[in-house]
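What follows is the residue order along each chain.
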Amino acid sequence: MRIAELKPSERKKGRFLVKLEDGDILRVTEEELLRFRLREGMDLDGEALEALRSSARTSAAKSQAAAIIGSRALSKKELTRRLVKKGNGQGDAQAAADWLEDIGAVDDVAYAASLVRHYGGRGYGPARVREELRRRGVDRALWEEALEELPDPAEILDKLIQKRCRGDLSDPGERRRTSDALLRRGFAWRDVKAAMGRYAEMEEDGWE
């Protein structure tokens, strides 16, 4: 396949457009330009053309990955899924995610810890935080270490109950609604029960 035209991209610095005689256009990096010794009029045999296409696809996936991770933190699995949804092949998406992990731009350990701090700070319990870690593609092996960042459930529950109830848990319906809300936030029943017991004692003693 002959290269009909070769020129720098006007939209992306360091990128080059390789127009093939069949009208197909490949977007390559300067590194690929030099590695494949590309020039106008050059004939690429089948093997060289496929190698160039593969390299260009991987470079495109890396560029997309860098742009995605530059706007917000993601787990490696989340990033790979997003790249695939954008039309990249699974292999190219995985290679791009691996590359960002290798250079430290993707760090699942730090990401897991930040998620735990975020959801713990918003008043969510261990079960809800674990669900977020799972949903966001964090490897299960990293969960327990990350969950050490979670505040003591008793402290969170005491604050939530005081804020929600404002001194009144005498109504059975309100007690049930409060406990259900806390369970939905991911707290274990034993912790909810203990916290409500502490609050009831405070009410009896006249603490608010």
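**Thoughts on the overall build of the protein chain**
Looking only at helices and strands, one finds 10 helices and three strands in the protein chain. From first element to last, N terminus to C terminus, the protein chain shows the α and β order β-β-β-α-α-α-α-α-α-α-α-α-α. Over its C-alpha trace the protein chain gives a radius of gyration of 27 Å, far above what one expects of a compact globule, namely 17 Å for 208 residues. Structurally, the protein chain occupies a C-alpha span of about 90 × 25 × 25 Å along its principal axes. Restricting to contacts in the protein chain with at least 6 residues of sequence separation, those with at least 24 account for 53%. As displayed, the protein chain has an accessible area near 12700 Å², and 46% of this comes from carbon and sulfur atoms. In the protein chain, 41 side chains carry a positive charge and 40 a negative one; their mean positions are 5 Å apart.

**Let's talk about the pairing of strand E3 (residues 25–29)**
Where strand E2 (residues 15–20) lies against E3, five bridges are found, and the strand directions are antiparallel. Bridging across to E3, Lys19 finds its partner in Ile25. What sits between the antiparallel neighbours E2 and E3 is a turn of four residues, in which Gly23 has the positive phi angle 95°.

**Remarks on the sheet that holds E3**
Taken in spatial order, the three strands make up an open sheet running E1-E2-E3, and their pairing is antiparallel. Single-partner strands in this sheet number two, and they are strand E1 (3–8) and E3. Mean inter-strand twist for the sheet, computed between neighbouring axes without regard to direction, equals 25°. The strands that helix H2 (residues 46–71) touches are E2 and E3; relative to E3, the one it contacts most, it runs at about 65°.

**A look at the pattern of salt bridges**
What the rule picks out here adds up to 13 salt bridges. For Asp24, the salt bridge goes to Arg53, with nearest N and O atoms at 2.5 Å. Of this pair, Asp24 sits in the loop between E2 and E3 while Arg53 sits in helix H2, and the two are 29 residues apart along the sequence. Exposure remark for Asp24: the relative accessible area of 28% places this residue in the partly exposed category. Close ionic contact of Arg117 with Glu149 constitutes a salt bridge, the shortest N to O distance being 3.5 Å. Here the residue Arg117 occupies a position in helix H5 (residues 108–121), and Glu149 occupies one in the loop between helix H7 (143–147) and helix H8 (153–165), the gap between them amounting to 32 residues. For Glu149, a relative accessible area of 39% puts it in the partly exposed group.

**Things to note about the nonpolar core**
By size, the foremost hydrophobic cluster in this structure holds 15 residues, and its most contacted members are Ile3, Val18, Val28, Leu38 and Leu44. Looking at this core, the elements with two or more residues in it are E1, E2, E3 and H2. When sequence neighbours within four positions are dropped, the list of residues in contact with Leu38 reads Ile3, Leu6, Val18, Val28, Glu32, Leu33, Leu44 and Leu52. Ranked by size, the runner-up nonpolar core spans 13 residues in total, among them Ala112, Leu133, Ala146 and Leu150.

**Some points on the side chain of Arg136**
Tracing the sequence through the fold places Arg136 in the loop between helix H6 (126–135) and H7. Excluding residues within four positions of it along the chain, Arg136 makes contact with Arg72, Ser75, Glu78, Arg81, Tyr111, Leu115 and Tyr119.

**Some details on unusual backbone geometry**
Notably, Arg37 is not glycine yet its phi reads approximately 50°, a positive angle. Look at Arg37 and you get exposed, because its relative accessible area is 66%.

**Here we look at the side chain of Thr80**
With respect to the helices and strands, Thr80 occurs in helix H3 (residues 76–85). Here Lys76 takes part through its backbone oxygen, which lies 2.9 Å from a polar atom of the side chain of Thr80.

**Remarks on the pairing of E1**
As paired elements, E1 and E2 share five bridges and run antiparallel to each other. Pairing of Ile3 across the sheet is with Leu20, part of E2. The antiparallel pairing of E1 with E2 creates a hairpin that spans six residues between the two strands, and Gly14 there sits at a positive phi of about 85°.

About the criteria used
Residues numbered from 1 in each chain as written. Predicted model: local features only at pLDDT ≥ 70, side-chain atom pairs only at ≥ 80, totals over all residues. Heavy atoms only, no water. Helix = DSSP H or I, 4+ residues; strand = E, 2+ residues; numbered from the N terminus. Rg over C-alpha atoms; globule rule 2.2 N^0.38 Å. Contact = heavy atoms within 4.5 Å. Areas by Shrake-Rupley, 256 points an atom, 1.4 Å probe, with all protein chains shown as cover. Lys, Arg positive; Asp, Glu negative; His and termini not counted. Charge placed at Lys NZ, Arg CZ, Asp CG, Glu CD. Pairing = 2+ DSSP bridges. Axes fitted to C-alpha atoms, helices over the stretch in contact; angles between N-to-C directions. Salt bridge = Lys/Arg side-chain N within 4 Å of Asp/Glu carboxyl O. Buried < 20%, exposed > 50% of the residue type's maximum accessible area, 1.4 Å probe, protein only. Core = buried A, V, L, I, M, F, W, Y, C linked by side-chain atoms within 4.5 Å. Polar contact = N/O pair within 3.5 Å; in protein donor to acceptor, adjacent residues only side chain to side chain.

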